[in-house]
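# Coordinate inspection notes
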Amino acid sequence: MKRTALLNRHLSALVASLGHLDEIIVADAGLPVPDGVTVIDLAVSPGVPRLRDVLNALRSELTIEQAIWAEEASDTVSGVMEAEVELWRAQGSARVTTSLLSHEDFKQRSAGARAVIRTGEVTPYANLLLVSGVAF
């Protein structure tokens, strides 16, 4: 059995398959997913699992270069996203940059994502696009 926090085999396989600059999205329960984009559906019920829970597990194995979220996100959601980026930086992804997109542009960009990880998060605009970095 694995020693890291990421136990889900589908998430582990996704992380192992990512190359530099590949994009994934950790999404709330309502983000529309374009046809052809793989969905890893973790949602059980409203709020389970939370976006933060999934990000915490991913942080144990994934190197991130950039984090992007919707400019329409509330101050609370933006604060959560900034806090998550700071945790990523503290755990070794020091070069993580951030940027904002309109929600409409975010949805359009999601068509190029390797996968969307659907959580049970029900907070509006709680979606985070992660750009894979390199560990060296």
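These figures come from a predicted structure and were not determined experimentally. Residue positions are counted from 1 within each chain, in the order its sequence is given. Predicted model: local features are reported for residues with pLDDT of at least 70 only, side-chain atom pairs are reported and counted for 80 or more only, and whole-chain, interface and lining totals are derived from all residues. The basis for every side-chain value is the complete set of heavy atoms in the structure, and neither hydrogens nor water enter the calculation.

In this section: the packing of aromatic side chains. A pair of aromatic rings is counted whenever rings of Phe, Tyr or Trp (Trp by its six-membered ring) have centres within 6.5 Å, and the orientation is called stacked for planes under 30 degrees apart, edge-to-face for over 60 and tilted otherwise. On inspection of all chains with the given rule, the structure shows zero aromatic pairs. The rule for a charge over a ring is simple: NZ of Lys or CZ of Arg within 6 Å of the ring centre, and within 35 degrees of the ring normal. The positively charged end of R59 is found above the aromatic ring belonging to W88, 5.6 Å away from the centroid.

With a 1.4 Å probe rolled over the protein chains alone, any residue whose accessible area is under 20% of its type maximum counts as buried; one over 50% counts as exposed, and the rest are partly exposed. Secondary structure elements follow DSSP: runs of H or I no shorter than four residues count as helices, runs of E no shorter than two count as strands, and numbering proceeds from the N terminus. By the criterion of burial, strand β1 (residues 23–27) is predominantly enclosed, with five of the five residues buried. Of the two faces of β1, the one carrying E23, I25 and A27 and the one carrying I24 and V26 are both buried. Being paired, for any two strands, means DSSP has found at least two bridges between them. Sheet analysis places β1 next to strand β6 (residues 128–132), joined by four bridges and oriented antiparallel. Bridge pairing links V26 to L128 in β6. Two elements, β1 and strand β5 (residues 115–118), share four bridges in a ladder whose sense is parallel. Residue pairing for β5: A27 is matched across the bridge by R118.

The next point concerns helix α3 (residues 75–90). The span one expects for a helix is its residue count, reduced by one, times 1.5 Å. Over its 16 residues, α3 runs 22 Å from end to end, which matches the ideal 22 Å to within 8%, given 1.5 Å per residue. If you check which residues of α3 are buried, you get V77, S78, M81, E84, V85 and W88. One face of α3 carries all of its buried residues, which in axial projection span an arc of 120°. What points out from α3, more than 90 degrees from its buried face, is the exposed set D75, T76 and A90. Here the arc refers to the directions that run from the helix axis out to each C-beta atom.

Counting residues in each nonpolar core, the largest one holds 29 residues, and the members touching the most others are V26, L58, L62, W88, I117 and L130. Of all the secondary-structure elements, those providing two or more residues to this core are α1 (9–17), β1, α2 (51–59), β3 (64–70), α3, β5 and β6. In terms of residue count, α2 provides more of this core than any other element does, five residues in total. Among buried residues, those of type Ala, Val, Leu, Ile, Met, Phe, Trp, Tyr and Cys that are joined through side-chain atoms within 4.5 Å constitute a nonpolar core. Judged by nonpolar contacts, the second largest core, of eleven residues, contains I25, A27, L101 and V131.

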